[in-house]
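Residue strings, one per chain:
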Amino acid sequence: MDPVVCRDTLDKLIAEESSTLDQLQQLLEREHEFLVANDVDALERAGQERQNCIGTLLRIEDDRKALCRALNVSADPQGLDRILAWCDPGKQLRQRWKELGERADRCRAANDRNGALVTARMSRVQGMLDIVTGRSGQPKVYGRQGAFENQPRAGRVIVSV
């Protein structure tokens, strides 16, 4: 493969990934707003859009791995560094690649924030259910099958002689 063709291919992949990460960041911000507003229907729609973005990101990663295989280079960061050194001596792509990592980190932080909010809400709902069912003072343990068990243990031990 020609270095110019390789550079152009990487340039297109980086541009597409950058655009998709920007879209994902916006979706995660909207998802947070929907979580705060308890808008379940909007959350469901946003979840589908988020999955579409993730699918696009996975396809882009597969394309990048295929490029690495075509150049007989490992598909890890060291392999990509070798490709960038070969096809992009001016280092313009390397800077954009670094910015992609920063964008991905921002998306991960937004996703973690949304996940923490969901977890807190689920814990709150579980606490309210425990109060309603009369299990609020009971210890929470795992059962024989590994499932979370919150059953009160009442009864007597009978010993036969």
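In what follows, the structure referred to is the one given above.
Residues numbered from 1 in each chain as written. Predicted model: local features only at pLDDT ≥ 70, side-chain atom pairs only at ≥ 80, totals over all residues. Heavy atoms only, no water.

A. Quick peek at the side chain of Asp88. Relative to the elements of secondary structure, Asp88 occurs in the loop between helix H3 (77-87) and helix H4 (92-133). Residue classification places Asp88 among the buried residues on the basis of a relative accessible area of 2%. (Helix = DSSP H or I, 4+ residues; strand = E, 2+ residues; numbered from the N terminus. Buried < 20%, exposed > 50% of the residue type's maximum accessible area, 1.4 Å probe, protein only.)

B. Looking closely at the packing of helix H1 (residues 3-37) against helix H2 (residues 40-70). Running from N to C, H1 and H2 point in directions that differ by 160°, and their axes come no closer than 9 Å. With respect to each other, H1 and H2 are oriented roughly antiparallel. In this structure, the crossing between H1 and H2 has a hand that is left-handed. Looking at the contact of H1 with H2 residue by residue, the class counts come to 17 nonpolar, 5 polar and 9 charged. (Axes fitted to C-alpha atoms, helices over the stretch in contact; angles between N-to-C directions. Parallel < 35°, antiparallel > 145°, perpendicular 65-115°, else oblique. Left-handed = near helix turned anticlockwise from the far one by under 90°. Nonpolar A, V, L, I, M, F, W, Y, C, P; charged D, E, K, R; others polar.)

C. Broad picture of the pattern of salt bridges. Inspection of the entire model under this criterion finds 12 salt bridges. Between Arg64 and Glu17 there is a salt bridge, with its nearest N and O atoms 2.7 Å apart. Linking Arg64 in helix H2 with Glu17 in helix H1, this pair joins segments that are 47 residues apart in sequence. Pair check on accessibility: Arg64 and Glu17 agree, each one buried. The residue Glu29 makes a salt bridge to Arg113 at a minimum N-O spacing of 3.5 Å. Separated by 84 residues along the polypeptide, Glu29 in helix H1 and Arg113 in helix H4 bring together distant segments of the chain. (Salt bridge = Lys/Arg side-chain N within 4 Å of Asp/Glu carboxyl O.)

D. A look at the nonpolar core. Residues Cys6, Leu10, Leu21, Leu24, Leu71 and Ile83 are the most contacted members of the largest nonpolar core, which totals 21 residues. Here this core takes 7 residues from H1, the largest share from any one element. Ignoring sequence-local partners within four residues, the contact set of Leu10 consists of Leu67, Leu80, Ile83, Leu84, Cys87 and Leu93. (Core = buried A, V, L, I, M, F, W, Y, C linked by side-chain atoms within 4.5 Å. Contact = heavy atoms within 4.5 Å.)

E. Highlighting the layout of surface pockets. Considering only enclosed or pocket space, the largest pocket measures out at about 380 Å³ in volume. Lining the largest pocket are 17 residues, and of these Leu21, Leu24, Leu57, Ala104 and Arg108 lie nearest its centre. At the level of elements, H1, H2 and H4 are the ones that each hand at least two residues to the lining of the largest pocket. Looking at the lining of the largest pocket, the element that brings in the most residues is H4, giving 7 residues. Taken as a whole, the second largest pocket holds about 190 Å³ of empty space. Taken together, Glu61, Arg64, Lys65, Cys68, Ala75, Asp76, Pro77, Leu80, Asp81 and Trp97 make up the lining of the second largest pocket. Of all the elements in the fold, those that place two or more residues in the lining of the second largest pocket are H2 and H3. Here the element with the most residues in the lining of the second largest pocket is H2; it accounts for 4 residues. (1 Å grid on protein atoms, 1.4 Å probe; cavity = no way out; pocket = protein on both sides within 12 Å on 5 of 7 lines; lining within 4 Å. Points joined across faces, edges and corners; volume = space filled by probe spheres on them.)

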